[in-house]
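Remarks on the overall topology
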Amino acid sequence: MARPMSLLILLLALWLRLVNLYAAPVFVDEGTHLNWARQFAAGETDYPILMDGRLLAVAAFALFDPFGPEPLWLTRAATALWSLINVAVCLALARALAGPWAGNIAGLLYAVLPYALFHERQALADPLSTAFGSLAVFATWRLARTQNKWWSVPLGLSLTGATLAKMQGVFYLAIPALLWALWPRSWRERRRLAAHLGLAGMAAAVSAGLWLLALGPRVGAPGGVLLGATATLMQCPPALCRGDVAEQVRLLPGALSSLADMIPPYFGWPLTALALIALVLELRDAVQSRRERLSERVRLSVSLGAATLLMLSALLAALRAELLPRYAGFLAPAVCVLAALAFDRYRHAHGNNLIPNAAVGLLIVLTLTNSYTLVTAPTRAALPPIDERQYLTGPYSGVGFRELMHTIRDYEADPQRPPLVVMGTAWQTLLANSYVEARVWRAQAALDLTWADAQNAFAAGRTVYVLDEAPPNADPNAPDVAGFVARDFAARNPGARPGEAKPLRLRRYTTQAAGAPTLFGALFPAPEGLLDHYDQLLAETTPQMLLVAYPQHQASFIIGRPGAVNQAVVFTPHPWQMNLLVETLPPLLPDYAMVRTVFLDETRFDPQRAFEGWLAASLFHEAERHFGPLRVVDWATPAGRLLETWQPNARFDELGVLERVDVFEPTPASGERLLVRATYRATAPTAAPYKIFVHLYQGDRIFAQHDAQPVGELRPTTGWRPDELIVDQLSLRLPPGPPSGAYQLRLGFYAVDTQQRLPVVLADGQTAEFVVLGNVGGD
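Cut-offs applied
Residues numbered from 1 in each chain as written. Predicted model: local features only at pLDDT ≥ 70, side-chain atom pairs only at ≥ 80, totals over all residues. Heavy atoms only, no water. Helix = DSSP H or I, 4+ residues; strand = E, 2+ residues; numbered from the N terminus. Contact = heavy atoms within 4.5 Å. Pairing = 2+ DSSP bridges. Axes fitted to C-alpha atoms, helices over the stretch in contact; angles between N-to-C directions. Salt bridge = Lys/Arg side-chain N within 4 Å of Asp/Glu carboxyl O. Buried < 20%, exposed > 50% of the residue type's maximum accessible area, 1.4 Å probe, protein only. Phe/Tyr/Trp six-rings, centres within 6.5 Å; stacked < 30°, edge-to-face > 60°. Arc of directions from axis to C-beta. Core = buried A, V, L, I, M, F, W, Y, C linked by side-chain atoms within 4.5 Å. Polar contact = N/O pair within 3.5 Å; in protein donor to acceptor, adjacent residues only side chain to side chain. Parallel < 35°, antiparallel > 145°, perpendicular 65-115°, else oblique. Nonpolar A, V, L, I, M, F, W, Y, C, P; charged D, E, K, R; others polar. Left-handed = near helix turned anticlockwise from the far one by under 90°.

**Quick notes on the overall build of the chain**
- Counting its regular elements, the chain contains 29 helices and 21 strands.
- Sequence-distant contacts, at least 24 apart, represent 73% of the contacts inside the chain between residues at least 6 apart.

**Some words on the sheet that holds strand 15 (residues 690–698)**
- Judged by pairing direction, the sheet is antiparallel, and its four strands sit side by side in the order 16-15-18-21 without closing on themselves. The strands lining the two open edges of the sheet, one partner per strand, are strand 16 (701–708) and strand 21 (771–776). For this sheet, the mean angle separating the axes of adjacent strands, direction not counted, is 20°.
- With seven bridges joining them, strand 15 and strand 16 adopt antiparallel strand pairing. From the neighbouring strand, Val694 faces strand 16, where its bridge partner is His706.

**As for the pattern of salt bridges**
- Applying the stated criterion across every chain, the model contains 26 salt bridges.
- For Arg631, the salt bridge goes to Glu602, with nearest N and O atoms at 2.9 Å. Within this pair, whereas Arg631 is found in strand 10 (residues 630–636), its partner Glu602 is found in helix 28 (residues 602–605), the two being separated by 29 residues in sequence.
- A relative accessible area of 11% places Glu602 in the buried class.
- With a closest N to O distance of 3.1 Å, Glu724 and Arg721 form a salt bridge.
- By relative accessible area, Glu724 is classed as buried at 14%.
- Residue Arg721 is classed as exposed on the basis of its relative accessible area of 52%.
- Overlapping salt bridges, with partners in common, bring together Glu602, Arg609, Glu612, Glu624 and Arg631 in one network.

**Description of the packing of aromatic side chains**
- Evaluated as defined, the whole model comprises 31 aromatic pairs.
- When the ring of Tyr680 is compared with that of Phe749, the centres are 5.5 Å apart and the planes differ by 70°; the resulting orientation is edge-to-face. Pair noted here: Tyr680 is in strand 14 (residues 673–682) and Phe749 is in strand 18 (residues 743–751), with a separation of 69 residues, a long-range link. Judged on exposure class, the residue Tyr680 and its partner Phe749 are both buried.
- Between Phe693 and Phe770 the ring centres are 6.5 Å apart and the planes differ by 80°, which places this aromatic pair in the edge-to-face class. On the criterion of sequence distance, the pair formed by Phe693 in strand 15 and Phe770 in the loop between strand 20 (767–768) and strand 21 is long-range, its members being 77 residues apart.
- Joined through ring pairs, the aromatic side chains of Trp451, Phe520, Phe524, Tyr550, Trp576, Phe599, Phe605, Phe611 and Trp614 make up one cluster.

**Remarks on the sheet that holds strand 5 (residues 504–509)**
- Here we have five strands laid out as an open sheet, ordered 2-1-3-5-4, and mixed in their pairing. Taken across any chain shown, the strands that pair with only one partner, and hence form the sheet edges, are strand 2 (443–445) and strand 4 (481–485). Going across the sheet, the axis of each strand differs from the next one's by a mean of 20°, ignoring polarity.
- Where strand 3 (residues 464–469) and strand 5 come together, six bridges link them in antiparallel fashion. Counterpart to Glu469 in the pairing with strand 5 is Leu504.
- Strands strand 1 (420–423), strand 3, strand 4 and strand 5 of the sheet are contacted by helix 20 (residues 401–411), whose axis makes an angle of about 15° with strand 5.

**Observations concerning helix 18 (residues 369–376)**
- For helix 18, every residue scored as buried is listed here: Asn370, Ser371, Leu374 and Val375. Along the long axis of helix 18, the arc covered by the buried residues comes to 135°, so they all point the same way.

**Concerning the nonpolar core**
- Counting 90 residues, the largest nonpolar core has Leu109, Leu113 and Phe267 as the members making the most contacts within it.
- Broken down by element, this core gets its largest block of residues, 12 residues, from helix 16 (residues 331–350).
- Among residues more than four places away in sequence, those in contact with Leu109 are Leu271, Cys336, Ala339, Ala340, Phe343, Ile364 and Leu368.
- One finds Phe458, Val466, Leu581 and Leu655 within the second-largest nonpolar core, a separate group that totals 70 residues.

**As for the environment of Arg673**
- Checked against the element boundaries, Arg673 lands in strand 14.
- Through-space distance from the C-alpha of Arg673 to that of Pro735 is 9.2 Å; in sequence the pair is 62 residues apart.
- At a separation of 2.7 Å, a polar atom in the side chain of Arg673 contacts the side chain of Glu622.

**What to know about the pairing of strand 15**
- Here strand 15 lies mainly inside the structure; seven of its nine residues are buried.
- As defined by bridge partners, strand 15 adjoins strand 18 across eight bridges and the pair is classed as antiparallel. Opposite Tyr690, over in strand 18, you have Ala751 as the bridge partner.

**Overview of unusual backbone geometry**
- With an omega dihedral of -5°, the bond running from Tyr550 to Pro551 counts as a cis peptide bond.
- Turning to its location among the elements, Pro551 is positioned in the loop between strand 6 (545–550) and helix 26 (555–559).
- With phi around 70°, Asp723 is a residue other than glycine that occupies positive phi space.
- Along the chain, Asp723 falls in the loop between strand 16 and strand 17 (725–733).
- Residue classification places Asp723 among the exposed positions, given a relative accessible area of 53%.

**Side note on the packing of helix 4 (residues 71–98) against helix 15 (residues 296–317)**
- Packing of helix 4 against helix 15 brings their axes to within 8 Å, and their N-to-C directions diverge by 140°. Comparing the axis directions of helix 4 and helix 15 gives the class oblique. Across the interface between the two elements, Leu93, Leu97 and Ala98 of helix 4 pack against Glu296, Arg297, Leu300 and Ser301 of helix 15.
- Here the residues of the contact of helix 4 with helix 15 are counted per class, giving four nonpolar, one polar and two charged.

**Focus on the packing of helix 7 (residues 125–146) against helix 9 (residues 174–182)**
- Direction vectors running N to C along helix 7 and helix 9 enclose 25°, while the axes themselves pass 9 Å from each other. It follows that helix 7 is roughly parallel to helix 9 by the angle criterion. In this structure, helix 7 meets helix 9 at a crossing whose hand is right-handed. In contact with Val137, Thr140, Trp141 and Ala144 of helix 7, helix 9 contributes Ile175, Pro176 and Leu179.
- A breakdown of the residues in the contact of helix 7 with helix 9 according to their chemical character gives six nonpolar, one polar and no charged.

Structure below.
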């Protein structure tokens, strides 16, 4: 009867983990695992090295067609499959401790345990680590019980699997350590078990080494970073790593409080109390018995309980502030096995007395009623505050993404013209892409797209969707809204605390005319966080400067700042139309000595830098600097008559020939700038980039100089083509009050990396470090 009952329990556990599998919203970590699984399956290596400590889990998920039509369902189903290992180990251990009846109780408890049902219905690394850890517990017990060294191999492999699935799996080393301390009856047995555990350690090291060696090219770029130390709540305990006991004490209450928060919804105090009672009773038996008379049950149960408490203590010590319940997967099997022992003791104490047995059973059943809600309506289930915030009510919750992705799938039936789906933030793509067939299309973050991508999508007849968080008072019935998810848990779940998550809005556009403003706003969000930088910029801008923002969505923010009251700022009504800016500028240039351009993420709007190229061809590049993420370039306007012209015909090594240099008088508005136009005929591209230096000097003193790659940094020498004419226009700004008389002008090249000057062969055949062009100004 034991085996059929065990099989039924396993089938029940599998069914509970597979039924209604999409009921729970996707979690950010699930989306991350799916994204990494796709990268792993595709052979990419631009993810964090060792998959943030979850390489084995990601590789396992990659086996379940992460590019298919139901990637999240498949990876969640994979988690459900390997979680059966935990059920089987609970059955086996409790049966070994107290017989088939206790084994069935332990397996049944784990099958319906709320903690297990919540976490083992998600595509997370933690359940796989726990499954390997449970195998390690089973293998350790078999090794100690049979003294068969061959059990060392599965033990070592299990420990490797637990750790490679997630780094916290290293805590399972406590199991063999404590069993070695408590199991042997004699020193001879202890030495033999130590030797076998040494073999297990060797098996673990060899298997981990072979695994990482075999997947060496697949575990991330050489410069990758293991993010687990900084991207999670785990850390090295302050008391251990820094000797900071006070900090350790300060962190402990938060960790203990979060542990207490997770017990009622996931384990229930009655079940937890039963497990603790069983552990206390087993410890009492161990104390009362002589060591050589300790039963196998006492040795195994005490080892299991003590190891679990030791792992829990290590976990609490390694936390920054609070315990994430999914980190504590090792608790669930131990609680179920020890609770089954308590049931067994109670049954033997009261025999077949129906009333007390029924009372205890009813108490446990009431504790596990949350399991039904977790399977049928997880958004209404009781969760610890931290999980409620992360999974349901917090700003990063995945509620609503499935519905919105299915809305897109219902609209789009032509795989030849997949939609362009733009997400407001990068983390949203992780959630959205968990529900789509990656072979057909994927959602992309706005920051990963250029304006050319959007224009090309419209030109190809593709529908463009924008999914973002809706602002307050957004109209869910607007004509362009294809889907709207309020995520209002306070209204839908009486008694739930209000969520922090804003509504999600999906907008749909089929033509550029209708979608351009919205799409531009998604790709280039308003830069409210840069107001201090704009103020600093305006404080250094004079009324003689014409201020141009690019892309133009910055202009409205600049105009609205107090320092822009007397400042001329170019503004176009449609910032996504570059040609409007090019048409607006030329008539304004004669009225200003300088043009100051403010660039922000401009290469996504203009990947070819066409607008800056137009500026470099029309104006004279003077200087460039940064105000935070703002790149500010100053240009002198082309005013003034021609002063001097030289035709040096000087050859700069293999780079090219300086054919002509024109110098224009200072602009009438300032009188402190000299405009220089140099024309080169390229010979060939260079392997390394070079900068041009131009000096205006008298004797040994340099009064003005300009250092930059050619054409305002737009035409590096590495891209010069044979016989191409390169026209470099630059502005030299003289300091106030220069001495009278003539200046001299010289020009040369130097390597960007080494600062070494490029030799030049002058027209008379002599070699020099630069070209002296002649006098400027004077009588």
